[in-house]
Amino acid sequence: MKLNTPASPHVHGDTTVRKMMLRVLLALIPAIIAYSWFFGWGLLINATIAVVTALGCEYLMLKLRERPVNFFLTDGSVVVTAVLLAFCIPPLAPWWLTVLGAAFAVIVAKHLYGGLGYNPFNPAMAGYVVLLISFPRDMSIWLPPFILSELDFSLPATLNAVFLGVFPTGYTLDALSAATPLDLIKTQLSIDVTIAETKSAHAIFGDFGGIGWEWIGNWIFLGGVWLIYKKVISWHIPAAVLGSLFTVALIFYLKDADHYASPMFHVFSGAAMLGAFFIATDPVSAATTPMGRIVYGIGIGILTYVIRVWGGYPDGIGFAVLLMNLAAPTIDYYTQPRVYGHKRS
Amino acid sequence: MKEYFLILLSTVLVNNFVLVQFLGLCPFMGVSRKLETAAGMALATTFVLTLSSACSYLVNAYILEPLDIVYLRTITFILVIAVVVQLTEMFVHKTSPILYRVLGIFLPLITTNCAVLGVALLNIRHDHSFMQSLIYGFGASVGFSLVLILFAAMRERIMAGDVPETFKGPAIALVTAGLMSLAFMGFSGLD
């Protein structure tokens, strides 16, 4: 009897980039549904624009760089980038904003560095921060959840607003928009209104964060936990980001509850959940050693809090992720684990 | 105490000399190819910047102003900086010949690092006291060191990447510096 001995490796994992990216997208679906339930068609339209632009730019760059087009175009990584970017763009933002952000993310932040696996900065956050700095006004017009607004945006109305800048008669964008909970607390604190007063005077606050926002947070949390269970991401970064954000917020909250929002509010507001589970965990731009990941996550949590509370921007996740991205190689350098059998150098 | 902390915070992060005020870009680009060299350069610059910032304050307050020759300020400061750099060079040469060889031309070039002269002149512009000047210089150099080391580690990683031919080397380094600067804009409005 002849026994064939194939070359090693004899056992290999079945994870591919495409499978990973599909799982990430799958984990985002509940949050996308929740988002659309509370804030309308905007996210889906933005996501479609972003995905189409990102795929187009990816195709163009792969052609220019003479790399295999089909192989990279179908791995799903640009789709994840585009969907994450769409989450950060206000629902009724004009279409060119999304196009610009997605193009910057794919062309500059990803392909100039060599494409998938080489980008030192998270492409979605690079695109978002460019938009936030270049078009601060367009990027800060958010809608109130439908429960609180008298106007229910239908699909054609949303399309009109996004592509033509035309709003239902009698409404302007400024009249439709409402400050996000983070934004509101910040502006009210600057005119000496305490947090408790702000919360009782405005209807947009829910149990922890804002109405609607906290539900999106819940679904993102569940999606993230599923990703950890499926071993697409490791627990280190989300735990470190949320843990440090919670701890720092708790310290200041206990010190002065009138001027510092509760830790639960911080964790459930803005992009904290999305950032912790889906953005900071980007395997390329994050730190890679276990110890490094914890340092990286803690850095994001603390920087987010600092920028939110004392900085000039309402949410700090985007900047915090970019700042820790640029620190990640240094963190990796100094947290290299000891090689088994060798002494620590 | 709080005032010194704010100066430190402002110079290290909010008004970082390299990424926000764009001073000292030559060593930022020139010595950031390797992490170890960058760390050495960071140390040398920290020493020079802090010392020269204090010295230039003393020279300004006790020589230039009493003699009423403040119009000689720029050239005097350059002289002061050159002396401090020479001192550092002799010191590094004695204590760490390897670092001396690795830093090479960049060590005397700290003299022409515009951040060093910039800090000395900004100290006068902002009417800083002696202690404030010292902290300001120290903060500026810590900020410089921080971004230089982070940048060097990033460049080591980027060099291993599949960067398009046209963007290899300084081009992608400048793009990276731009993106870093973008990230540092998140600190704006912090003070």
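Counting starts from 1 at the beginning of each chain's written sequence and moves along it residue by residue. Each chain is given a letter, starting from A, and each ligand a number, starting from 1, according to the order in which they appear as written. Where local features are concerned, this predicted model is filtered to residues with pLDDT of at least 70; where side-chain atom pairs are given and counted, the filter is 80 or more; whole-chain, interface and lining totals use all residues. Note that water and hydrogens are dropped before the side-chain values are worked out from all heavy atoms of the structure.

Considering the overall build of chain A
For the record, the criterion: For helices the rule is a DSSP run of H or I covering at least 4 residues; for strands it is a run of E covering at least 2, with both sets numbered from the N terminus onward. C-alpha atoms define the radius of gyration in this analysis, and the globule rule sets the expected value at 2.2 Å times the number of residues to the power 0.38. The contact rule is simple, with two residues in contact once any of their heavy atoms fall within 4.5 Å. We score Asp and Glu as negative and Lys and Arg as positive, and we do not count His or the chain ends. Positions of charges follow a simple convention, taking NZ of Lys, CZ of Arg, CG of Asp or CD of Glu.
Across its full length, chain A holds 16 helices and zero strands. In terms of overall dimensions, chain A is globule-like: its C-alpha atoms have a radius of gyration of 21 Å, near the 20 Å expected for 345 residues. Principal axes of the C-alpha set define a box for chain A whose edges measure 80 × 50 × 40 Å. A separation threshold of at least 6 residues defines the contact pool for chain A, and within that pool the share at least 24 residues apart is 75%. Separation of charge centres in chain A, based on 19 positive and 18 negative side chains, amounts to 20 Å.

Some remarks on the interface of chain B and chain A
To keep things clear, this is the line we draw: What counts as buried area is the accessible surface, traced by a 1.4 Å probe, that two parts surrender upon association, with contributions from both included. The term salt bridge refers to a side-chain nitrogen of Lys or Arg lying within 4 Å of a carboxyl oxygen of Asp or Glu. In the analysis that follows, any N or O atom pair within 3.5 Å is treated as a polar contact, provided that within protein one partner can donate a hydrogen and the other can accept it, and provided that, for residues neighboring in sequence, both atoms belong to side chains.
Contacts between chain B and chain A engage 28 residues on the former and 34 residues on the latter. A buried area of about 2600 Å², summed over both sides, lies between chain B and chain A, and 73% of it is on carbon and sulfur atoms. Considering only the surface of chain B that becomes buried against chain A, R157, D162 and L179 of chain B emerge as the three largest contributors, covering 23% of it. Where chain B meets chain A, there are three salt bridges. A salt bridge links R67 of chain A to D162 of chain B; the shortest N-O distance between them is 2.9 Å. Linking chain B to chain A there are six residue pairs in polar contact (both at pLDDT 80 or more). Residue assignment for the side of chain B that touches chain A shows that the elements contributing at least two residues are α3 (35–67), α7 (130–159) and α8 (170–184) of chain B.

Comments concerning the domain arrangement of chain A
Residue and element names in this part refer to chain A. As a reminder, the rule being used: A domain assignment, automatic or from a database, supplies the domain bounds used here. The classification used treats Ala, Val, Leu, Ile, Met, Phe, Trp, Tyr, Cys and Pro as nonpolar, Asp, Glu, Lys and Arg as charged, and all other residues, Gly among them, as polar.
Segmentation of chain A into domains returns domain 1 (41–142 + 144–177) and domain 2 (180–332). Spacing between the C-alpha centres of domain 1 and domain 2 amounts to 22 Å. Listed by partner, the interface residues are 19 residues for domain 1 and 18 residues for domain 2. Between domain 1 and domain 2, roughly 1700 Å² of surface is buried when both sides are summed, and carbon and sulfur atoms account for 81% of that area. The tally of links between domain 1 and domain 2 comes to zero salt bridges. Breaking the side of domain 1 that touches domain 2 down by element, the ones donating at least two residues are α4 (77–88) and α6 (123–134). Of the residues forming the side of domain 1 that touches domain 2, the biggest block, seven residues, is contributed by α6. Considering only residue class, the side of domain 1 that touches domain 2 consists of 16 nonpolar, three polar and no charged.

Comments concerning the packing of aromatic side chains
Inclusion rule: Each aromatic pair joins two rings of Phe, Tyr and Trp (for Trp, the six-membered one) with centres within 6.5 Å, and gets the label stacked for planes under 30 degrees apart, edge-to-face for over 60, and tilted for any other angle. Only protein chains enter the area calculation, which uses a 1.4 Å probe; residues under 20% of their type maximum are buried, those over 50% are exposed, and those in between are partly exposed.
Taken as a whole and assessed by the stated rule, the structure comprises 20 aromatic pairs over all chains. When the centroid spacing of 6.2 Å and the interplanar angle of 90° are considered together, the rings of Y35 of chain A and W213 of chain A count as edge-to-face. Of the two residues, Y35 of chain A is situated in helix α1 (residues 17–39) and W213 of chain A in helix α11 (residues 213–229); the sequence distance between them amounts to 178 residues. Overall, the relative accessible area of 14% leaves W213 of chain A in the buried class. Both rings, one in F47 of chain B and one in F91 of chain B, keep their centres 6.3 Å apart while their planes meet at 15°; by these two values the pair is stacked.

Brief notes about unusual backbone geometry
With a phi angle near 65°, D192 of chain A is a residue other than glycine that sits in the positive phi range. On the secondary structure map, D192 of chain A appears in the loop between α9 (181–190) and α10 (195–201). What makes D192 of chain A exposed here is its relative accessible area of 67%. Of note in the backbone geometry, D127 of chain B takes a positive phi value of approximately 55° without being a glycine. Within the secondary structure, D127 of chain B sits in the loop between α6 (114–125) and α7.

Considering the confidence of the model for chain B
The line we're drawing: A score between 0 and 100, pLDDT records how confident the predictor is in each residue.
Here chain B shows a mean pLDDT of 88. Residues at 70 or above account for 99%. For this predicted complex, the interface confidence comes out at an ipTM of 0.88, alongside a pTM of 0.89.

Side note on a nonpolar patch on the surface
Residues and elements named next belong to chain A. This is how it is decided: Patch membership is restricted to residues that have no salt bridge and whose relative accessible area is over 30%. Joining uses 9 Å for like charges and 5 Å for the nonpolar side chains Val, Leu, Ile, Met, Phe, Trp and Tyr. Here the Shrake-Rupley method, with its probe set to 1.4 Å, supplies the accessible areas, and only the displayed protein chains count as covering residues.
Where nonpolar side chains cluster on the molecular surface, the patch consists of W41, L44, W95, W96, L100, L155, L159, F163, L164 and V166 and spans about 890 Å² of accessible area. Here the nonpolar patch takes four residues from helix α7 (residues 155–164), the largest share from any one element. Among the structural elements, L164 can be located in helix α7. Taking relative accessible area as the criterion, L164 reaches 61% and is therefore assigned exposed.

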